[in-house]
Amino acid sequence: PKTPKPLRSFYKLNYLKKMGSNPSVQRWTHKKQFVPGSVVLVQGGSSGLGRELVLRYAARQCPVVVSGLEEELLKEVVAECKSKYGNEKVVYMVAEATSEADAKALVDLAISSFGKLDILVLAAGIAAHALFRNLSTDIIRKIMEVNFMGYVILTKHALPHLLASYGQIGMI
């Protein structure tokens, strides 16, 4: 049976008291609130929800690194951030979600441009609009490669910087 919620909180509190100032416990329990000026990297930010998040962070005057496949769409997003919100701290990079080299270059761009990384938004993805039984395994494999491995690869490269800043990861 599932432990009732008040008891789970009680057990967690007692565990924390026992562990004291153990750094790993502090990281586990640390809840970071949004801080203006947080450096944000948005994978898949040229369209859809990723684009909207880029605009929202730009409106909050956050430095933003945005990636996507289509350079023209990326340029439009950056131009809108600058004209609509006056945010000059928005840079872009054309990047393939499944490329290890592109993932490393994206993180390096964030660090070289803004010195740190606080928030990673994983919004790149593809979909197939068909019945599952009609999809070939090649299409399913491509979907998994982009929608799963693309997130894993970028997270792997960004994680050391996110841990250093007690950063956050958001997935769409």
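Details of the structure are given in the entry above.
Residues numbered from 1 in each chain as written. Predicted model: local features only at pLDDT ≥ 70, side-chain atom pairs only at ≥ 80, totals over all residues. Heavy atoms only, no water.

Draft legend 1. Just a nonpolar patch on the surface, in detail. A grouping of Leu159, Leu163, Ile169 and Met171 is seen on the molecular surface, where their side chains present a nonpolar patch of about 380 Å² in accessible area. Elements that contribute at least two residues to the nonpolar patch include exactly helix H6 (137-164) and strand E5 (168-171). When you line up the elements, Leu159 lands in helix H6. (Patch = residues over 30% accessible without salt bridge, like charges linked within 9 Å, V, L, I, M, F, W, Y side chains within 5 Å. Areas by Shrake-Rupley, 256 points an atom, 1.4 Å probe, with all protein chains shown as cover. Salt bridge = Lys/Arg side-chain N within 4 Å of Asp/Glu carboxyl O. Helix = DSSP H or I, 4+ residues; strand = E, 2+ residues; numbered from the N terminus.)

Draft legend 2. Up close: the packing of helix H3 (residues 48-59) against helix H4 (residues 71-85). Interhelical geometry of H3 versus H4 gives an angle of 30° and a closest axis separation of 10 Å. Between H3 and H4, the angle is such that the two are roughly parallel. The interaxial crossing formed by H3 with H4 has right-handed handedness. Residue-level contacts link Arg51, Val54, Leu55, Ala58 and Ala59 of H3 to Leu73, Glu76, Val77, Glu80, Cys81 and Tyr85 of H4. (Axes fitted to C-alpha atoms, helices over the stretch in contact; angles between N-to-C directions. Parallel < 35°, antiparallel > 145°, perpendicular 65-115°, else oblique. Left-handed = near helix turned anticlockwise from the far one by under 90°. Contact = heavy atoms within 4.5 Å.)

Draft legend 3. Structural context of the environment of Gly125. Within the secondary structure layout, Gly125 lies in the loop between strand E4 (119-122) and H6. Each C-alpha atom, one on Gly125 and one on Gln43, is 9.4 Å from the other, the two residues being 82 residues apart in sequence.

Draft legend 4. Spatial organisation of the sheet that holds strand E3 (residues 90-94). Taken in spatial order, the 5 strands make up an open sheet running E3-E2-E1-E4-E5, and their pairing is parallel. Each edge of the open sheet carries a strand with a single partner, namely E3 and E5. Neighbour-to-neighbour, the strand axes of the sheet open up by a mean angle of 15°, direction not taken into account. Contacts from helix H5 (residues 100-114) reach strand E1 (40-43), strand E2 (64-68) and E3, with the element oriented near 160° to E3. Packed on one face of the sheet, H6 meets E1, E4 and E5 and runs near 175° to E4. (Pairing = 2+ DSSP bridges.)

Draft legend 5. Molecular detail of the pairing of E5. Bridge count between E4 and E5: 4 bridges; the pairing is parallel. Paired with Val121 across the bridge in E5 is Gly170. What joins E4 to E5 is H6, and the crossover it makes is right-handed. (Right-handed = clockwise from strand over helix to strand, strands pointing away.)

Draft legend 6. Inspection of the packing of H5 against H6 at higher detail. Relative to each other, H5 and H6 sit at 30°, their axes nearing to 8 Å. Considered as vectors, H5 and H6 are oriented roughly parallel to each other. Where H5 crosses over H6, the two elements pack in a sense that is right-handed. Along its contact with H5, which presents Glu100, Ala103, Lys104, Leu106, Val107 and Ile111, the element H6 presents Ile153, Leu154, Lys156, His157, Ala158 and His161. Among the residues forming the contact of H5 with H6, the class breakdown is 7 nonpolar, 2 polar and 3 charged. (Nonpolar A, V, L, I, M, F, W, Y, C, P; charged D, E, K, R; others polar.)

Read these as geometric descriptors, not functional statements.
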